[in-house]
Amino acid sequence: MRFNALKILTEGLTGNKGWGPHWRDPDPKPAYDIVIIGGGGHGLATAFYLAQQHGLTNVAVLEKGYLGGGNMGRNTTIVRANYYLPGNSEFYSHSLKLWERMESDLNYNVMHSQRGLINLFHSDGQRDAAVRRGNAMINQGDDAILLGRDELRKMLPYLDHDTGRFPIHGGLYHPRGGTARHDAVAWGFARGASDRGIDLIQNCEVTGIDVEGGRVTGVQTSRGQIRARKVAIVTAGRSGQVAAMAGLRLPIESHILQAFVTEGLKPVIDNVVTFGMGHFYISQSDKGGLVFGGDLDFYPSYAQRGNLPTVEHVMEAGMTLMPMLSRAKVLRSWGGIMDMTPDGSPIIDKAPIDGLYLDCGWCYGGFKAVPGSGFALAHLLATDRPHDSATGFRLDRFTTGRGLMDEEGTGAQHNLH
Amino acid sequence: MRLTCPHCGTRDLREFTYGGAALERPTGDWGPAWDAYVHLRENPAGASFEWWQHDVCATWLKVDRDTRTHVISQVTEARA
Ligand SMILES: Cc1cc2nc3c(=O)[nH]c(=O)nc-3n(C[C@H](O)[C@H](O)[C@H](O)COP(=O)(O)OP(=O)(O)OC[C@H]3O[C@@H](n4cnc5c(N)ncnc54)[C@H](O)[C@@H]3O)c2cc1C
Ligand SMILES: [Zn+2]
């Protein structure tokens, strides 16, 4: 289904009865060349790029619920390319470039808004770290501007710049950072994949992975057996459990991350602001809601809801930074299951079973990675070689210790990234 | 979530720190067993055995907790 101005106008005048579904709703075929498990952002983007970049369309995406109903519909939609370490740097840089052409690639309005992202710093040491990160971003070909105290005060006058504990010394400004409409990204990739002939199969839970003689032959699902030459596990927080169906244990622990939104307000926060010292970040949605969050709850969980100490912590940090927030009413809070790795960086690699592929470990940063990950996994599935932007995301880096990408230097503990 | 410390009684989650999955610590030099211990996880959706520390009395605890519901069925002292 397509949109145009005339159609929107006529539909608006005639009760919006003429809109059809965005994608086909096929029954699963008995066999495909490639089966993608998981219809979140990464699974759908992989499907789209398999068709668009490689002409492969004998492909199915199997989703146990509805498309985009997992973390894809639960994140705070921040898109950025401000990584420091080789491996991550080039990947997120490539992903941001794909974001910048996504709307024309998909012919779909994903409301990508490069409103700029600012990471605050509060000491000389943190300023040095921000300079270093900014230089790494510039070396990667991306954009970074160091803002001093006065420039920042002009740009974000609503912050409490002189808090006793964390006075604000400045910020690292990433103008191409921003937000997008998460659901629209899922829908746009889904429509693009479906139009090109890929089957998106909802309400189809994978319950087993068939392996014969060390090779994948297909999957068992709630809608019957489906044979496949290649199977990709793209199930975010559920990666460990799906991999276990093939007898694998992954370097992943699933943790809960919460987020919050207030009632709709007039425009007040123009950018994305992150307050690392307080574990708090915020932006304003196009509908006017202040969307904000903080850190993990720090214990493993599949509950999709967290506990009150984290809620309290996030609210306190927010009000420390922006006292005006105390007037806003929080409408909703929710949680999502994060696939945390021991170094905080993802995995896009072949599994130790022929024909089985992994795309997981996105921790709490996988929304911005959606196009980059889909592009790289599609390349790996089509050619059996990693894409240039994703050569660092190897599964064996934990075993060998080579090429670990621990951006924050917190060590091998899954919940500390 | 509230945990019951064997010394201090039932206390709020704020007083506790999660310390990782309660796995058997291997002996000997670095090898596959150590790799698995440091990196790989069962990551269960359901009963999960975990280390937690009660920050107030510094006791390490072994906790049996359901990761789907956050219900805690047992807390014992880690060294016991
Ligand atoms: C509160 C919160 C805030 C976040 N904020 C940001 C942010 O600001 N910026 C950012 O970059 N990232 C953010 N993230 C992270 C980002 O949302 C995730 O990393 C990313 O969405 C994960 O990839 P996905 O979209 O493919 O996952 P999902 O949407 O979770 O997709 C996985 C899919 O697999 C399906 N599945 C699981 N098991 C099976 C099975 N057995 N059979 C079939 N299907 C199965 C699930 O139903 C699900 O639909 C945030 C996450 C949360 C929870
Ligand atoms: Zn105690």
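Residues numbered from 1 in each chain as written. Chains lettered and ligands numbered in written order. Predicted model: local features only at pLDDT ≥ 70, side-chain atom pairs only at ≥ 80, totals over all residues. Heavy atoms only, no water.

Colleague: A description of a nonpolar patch on the surface should follow, citing residues and the corresponding values.
Modeller: All names here are of chain A. Together, Leu6, Leu9 and Leu13 make up an exposed nonpolar region whose accessible area comes to about 380 Å². Locating Leu9 in the fold gives a position in helix α1 (residues 5–13). Since its relative accessible area comes to 55%, Leu9 is described here as exposed. (Patch = residues over 30% accessible without salt bridge, like charges linked within 9 Å, V, L, I, M, F, W, Y side chains within 5 Å. Areas by Shrake-Rupley, 256 points an atom, 1.4 Å probe, with all protein chains shown as cover. Salt bridge = Lys/Arg side-chain N within 4 Å of Asp/Glu carboxyl O. Helix = DSSP H or I, 4+ residues; strand = E, 2+ residues; numbered from the N terminus. Buried < 20%, exposed > 50% of the residue type's maximum accessible area, 1.4 Å probe, protein only.)

Colleague: Residues and numbers for unusual backbone geometry, please.
Modeller: In this structure, His279 of chain A takes a positive phi of about 55° despite not being glycine. Considering the arrangement of structural elements, one finds His279 of chain A in the loop between β13 (272–275) and β14 (280–284).

Colleague: Break down helix α2 (residues 41–54) of chain A for me, with residues and values.
Modeller: Residues and elements named next belong to chain A. Under the 1.5 Å per step criterion, the end-to-end length of α2 is 19 Å for 14 residues, consistent within 8% with the ideal 20 Å. Counting buried positions along α2 yields 11 of 14 residues, so the element is predominantly enclosed. Taken together, the buried positions of α2 are occupied by Gly41, His42, Gly43, Leu44, Ala45, Thr46, Ala47, Phe48, Tyr49, Leu50 and Ala51. Gly55 lies just past α2 and shows a positive phi near 65°. (Expected span 1.5 Å × (residues − 1).)

Colleague: Got a sec to walk through the coordination of the zinc ion (ligand 2)? Specific residues and values, please.
Modeller: Residue and element names in this part refer to chain B. Only Cys5 (SG), Cys8 (SG), His54 (ND1) and Cys57 (SG) from the protein coordinate the zinc ion (ligand 2), and they sit 2.0 to 2.4 Å from it. Taken together, the 4 donor atoms surrounding the zinc ion (ligand 2) define angles of 107 to 114° at the centre, an arrangement classified as tetrahedral. Here the donor residues of the zinc ion (ligand 2) share one chain and are spaced in sequence as C-x2-C-x45-H-x2-C. Classification of Cys8 as partly exposed rests on a relative accessible area of 33%. (Donors = N, O, S within 2.8 Å, 3.2 Å for Na, K, Ca; no water. Tetrahedral: all angles 85-135°; square planar, octahedral: opposite > 155°, others 65-115°.)

Colleague: Please set out the pattern of salt bridges residue by residue, giving values where relevant.
Modeller: What the rule picks out here adds up to 25 salt bridges over all chains. Between Glu407 of chain A and Arg133 of chain A there is a salt bridge, with the nearest N and O atoms lying 3.5 Å from each other. Here Glu407 of chain A, found in the segment after α11 (397–400), pairs with Arg133 of chain A, found in helix α5 (residues 124–139); they are 274 residues apart in sequence, far enough to count as distant. Assessed through its relative accessible area of 24%, Arg133 of chain A is described here as partly exposed. We note a salt bridge from Asp66 of chain B to Arg68 of chain B, for which the minimum N-O separation is 3.1 Å. On the basis of relative accessibility, which here comes to 17%, the residue Asp66 of chain B falls in the buried class. Salt bridges linked by common partners bring Glu100, Asp142, Asp143 and Arg176 of chain A together as one network.

Colleague: Which residues make up the packing of aromatic side chains, and what values do they have?
Modeller: All names here are of chain A. Tallied over the full model, the rule gives 18 aromatic pairs over all chains. Clustering of aromatic rings is evident, with ring pairs tying together Tyr83, Phe91, Tyr92, Trp362 and Phe393. Directly above the ring of Trp19 sits Lys7, whose terminal nitrogen or CZ lies 5.0 Å from the centroid. (Phe/Tyr/Trp six-rings, centres within 6.5 Å; stacked < 30°, edge-to-face > 60°. Lys NZ or Arg CZ within 6 Å of the ring centre and 35° of its normal.)

Colleague: Can you explain the domain arrangement of chain A? Please cite residues and give values.
Modeller: Residues and elements named next belong to chain A. Segmenting chain A into domains produces domain 1 (25–81 + 83–106 + 182–252 + 343–416) and domain 2 (117–178 + 254–340). Taking the mean C-alpha position of each, domain 1 and domain 2 sit 27 Å from one another. If you look at the interface, domain 1 gives 31 residues, while domain 2 gives 31 residues. Each partner contributes to the roughly 2,800 Å² buried at the junction of domain 1 and domain 2, and carbon and sulfur atoms together form 52% of this total. Where domain 1 meets domain 2, there are 2 salt bridges. Linking Glu100 and Arg176 is a salt bridge whose minimum nitrogen-to-oxygen distance equals 2.8 Å. Our count for the contact surface shared by domain 1 and domain 2 stands at 16 residue pairs in polar contact (both at pLDDT 80 or more). A total of 6 residues in the side of domain 1 that touches domain 2 trace back to one element, the largest contributor, which is helix α3 (residues 88–100). (Domains from an automatic or database assignment. Contact = heavy atoms within 4.5 Å. Buried area = accessible area lost by both parts, 1.4 Å probe. Polar contact = N/O pair within 3.5 Å; in protein donor to acceptor, adjacent residues only side chain to side chain.)

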